[in-house]
Amino acid sequence: MKDNHFNLIAIIVVVSLVVSCDFFGPSGLTSVEIKKASSWSSNDQPPTFPECETLNKKEQLDCLHEVLSNIIKDQIAMSSPVSSFPLDEEVKLILKIDQEGVFSLVEAQISSPVKKAIPELKSILDEVIGSLPKALPAAKTNVGVYVESQLSLPIQIVAQPSK
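Residues numbered from 1 in each chain as written. Predicted model: local features only at pLDDT ≥ 70, side-chain atom pairs only at ≥ 80, totals over all residues. Heavy atoms only, no water.

### A short note on unusual backbone geometry
No. 1: One non-glycine residue with positive phi stands out, namely S80, at about 50°.
No. 2: Relative to the elements of secondary structure, S80 occurs in the loop between α3 (57-78) and β1 (87-97).
No. 3: Classification of S80 as partly exposed rests on a relative accessible area of 49%. (Helix = DSSP H or I, 4+ residues; strand = E, 2+ residues; numbered from the N terminus. Buried < 20%, exposed > 50% of the residue type's maximum accessible area, 1.4 Å probe, protein only.)

### Some thoughts on helix α5 (residues 121-130)
No. 1: Among the residues making up α5, those that are buried are L121, I124, L125, V128 and I129. On an axial view of α5, the arc spanned by its buried residues comes to 125°, and they lie on one face. In α5, the exposed positions that point more than 90 degrees away from the buried face belong to E127 and G130.
No. 2: As for α5, its buried residues are in contact with α3, β1, β2 (103-109), α4 (112-117) and β5 (149-159). (Arc of directions from axis to C-beta. Contact = heavy atoms within 4.5 Å.)

Below you can see the structure in the form of structure tokens.
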């Protein structure tokens, strides 16, 4: 009798596993649906700083850019770079903000005249970006997760040669 119970239980377990295999199969979502859900939408939350959080999304992004620009310009000025000739040029920074709100410099588009005038600018920028305060990271609101994001930030470099 015990063997019959054991066999019955074994059959029930095997049948349940076979029937439940649908849980391990494809999700039924097409790659187009997955891509659409992963794409950035106007409902998603861009990265921001706490002082910008109460603004609407467009204003938050403008506020983030303004705060970043001010911090970066101030930090560059504090490092007192010496220019070999007068400069008034734009440098474009590509910044990454990870899922924890930490900034890193992906790319600094520095023109040849700026590189020639302030050769140490790239290392100054690396140091400045590495010391930025954490931001509130971007969030995909349809799935409720923080995501990595990038932004392009133009910075005006104005310098005079030292006397």
